[in-house]
Amino acid sequence: MFYSFIRVVARFIVFVLNGNAHYENKDKLPKGNYILVAPHRAWFDMIYFALAAAPKKFCFMAKKELFKNPILKFILVHANAFPVDRENPGASAIKKPVKLLKSTDLSLIIFPSGTRHSQNLKGGAVLISKLSGVPLVPVVYQGPVTFKDLCKRQKLTVRFGDPIEVDRKMKLTDENQAEILEKMTQAFDKLDKEIDPNYHYVDPHPKK
């Protein structure tokens, strides 16, 4: 109930701020649960992914520091977010989403690169997909990457790609994992070119 309410509020807010969002290839989304995987390009792109895939509901990983504020913690918990220690993720970073994907109607949104300041993919999403038995669905966001530009009503596009199946019987060797990560990278590149052949992401606040 709270998630649905927050989604309505979020949809209204982003429409007022921008109102120029375009969601493409929604027919690519599977019927059951899945994992949306995307390059992380703006602090608000997760909101657009969740709105684009509605009425599907999602769970999210959020850094544990955000849960220290009681008000923010209440919002995050009721929006299906769960804390993760980025420095020492531990087994819970895998077990929690796997359990949710297998026992609830919640799908998962995850950024394989971890942060907006890195485009190097990591294998957590692949392992979660294998253990939960749900596909990876690549998605990209193109548009304003700062709040200031978002408010200028610049066009933004969210585009979904074909699901990537991870065989549950496959041994997750370094080679097999690298192969799936390469498929993800190729899917992101393909989606970006379909939206804009000349697109190139530039981090507005690169780490020094």
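Everything that follows concerns the structure shown earlier in this document.
In this text, all values refer to a predicted model and were calculated from it rather than measured experimentally.

Scoring rules and cut-offs
Residues numbered from 1 in each chain as written. Predicted model: local features only at pLDDT ≥ 70, side-chain atom pairs only at ≥ 80, totals over all residues. Heavy atoms only, no water. Helix = DSSP H or I, 4+ residues; strand = E, 2+ residues; numbered from the N terminus. Rg over C-alpha atoms; globule rule 2.2 N^0.38 Å. Buried < 20%, exposed > 50% of the residue type's maximum accessible area, 1.4 Å probe, protein only. Axes fitted to C-alpha atoms, helices over the stretch in contact; angles between N-to-C directions. Parallel < 35°, antiparallel > 145°, perpendicular 65-115°, else oblique. Left-handed = near helix turned anticlockwise from the far one by under 90°. Contact = heavy atoms within 4.5 Å. Nonpolar A, V, L, I, M, F, W, Y, C, P; charged D, E, K, R; others polar. Expected span 1.5 Å × (residues − 1). Arc of directions from axis to C-beta. Phe/Tyr/Trp six-rings, centres within 6.5 Å; stacked < 30°, edge-to-face > 60°. Pairing = 2+ DSSP bridges.

Draft legend 1. A look at the overall build of the chain. When helices and strands are tallied, the chain shows 7 helices and 7 strands. Traced from its N-terminal end to its C-terminal end, the chain shows the element sequence α-β-β-α-β-α-β-α-β-α-β-α-β-α. Here the C-alpha atoms of the chain give a radius of gyration of 17 Å, agreeing with the 17 Å that 2.2 N^0.38 yields for 208 residues. For the chain, the spread of C-alpha atoms along the three principal axes comes to 50 × 45 × 40 Å. Counting across all 208 residues of the chain, residues that qualify as buried make up 43%.

Draft legend 2. Local environment of the packing of helix α1 (residues 2–17) against helix α2 (residues 45–52). One can describe the packing of α1 onto α2 by two numbers: an axis separation of 10 Å at closest approach and a directional angle of 110°. The angle between α1 and α2 places the two elements in the roughly perpendicular class. Crossing of α1 over α2 shows left-handed handedness. Together, Y3, R7, A10, R11 and V14 of α1 and I47, Y48, A50 and L51 of α2 make up the contact between the two elements. Residues of the contact of α1 with α2, tallied by class, amount to 7 nonpolar, no polar and 2 charged.

Draft legend 3. Seen up close, α1. Taking 1.5 Å per residue as the helical rise, α1 with its 16 residues ought to reach 22 Å, and the 22 Å between its terminal C-alpha atoms agrees with that figure. All of the buried residues in α1 are Y3, R7, A10 and V14. Each buried residue of α1 sits inside an arc of 65° when the element is viewed along its axis, so together they form one side. Seen from the buried face of α1, the exposed residues on the opposite side, beyond 90 degrees, are F5, V8, F12 and F15. Looking at the buried residues of α1, the elements they touch are α2, β3 (58–63) and α3 (70–78). Of the residues flanking the end of α1, it is G19, one or two places downstream, whose phi is positive at about 70°.

Draft legend 4. Focus on the packing of helix α4 (residues 92–103) against helix α5 (residues 124–132). The geometry of α4 relative to α5 is characterised by a closest axis approach of 9 Å and an angle of 40° between their N-to-C directions. Classified by the angle between their axes, α4 and α5 sit oblique to one another. Of the two possible hands of crossing, α4 and α5 adopt the one that is right-handed. Two secondary-structure elements touch here, α4 through A93, I94, P97, V98, L101 and K102 and α5 through G124, L127, I128, L131 and S132.

Draft legend 5. Region of the structure containing the packing of aromatic side chains. Under the defined criterion, the tally for this structure stands at 9 aromatic pairs. The rings of W43, F44, Y48, Y141 and F147 are connected pair by pair, giving a single aromatic cluster.

Draft legend 6. Region of the structure containing the sheet that holds strand β2 (residues 35–37). A sheet is described by the order of its strands in space; here 7 strands give the open sequence β1-β7-β6-β2-β5-β3-β4, paired in mixed fashion. The sheet terminates laterally at β1 (21–24) and β4 (81–84), the two strands that pair on one side only. If you compare each strand with its neighbour and ignore which way they point, the axes differ by 25° on average. Pairing analysis gives 4 bridges linking β3 to β4, with the strands arranged parallel. Counted as the bridge partner of M61 is F82 from β4. In the packing of α5 onto the sheet, contacts are made with β2, β3, β5 (107–110) and β6 (136–142), and the angle to β2 comes to roughly 165°. Sheet contacts for helix α7 (residues 174–195): β1, β2, β6 and β7 (156–160); angle to β6, the most-contacted strand, approximately 40°.

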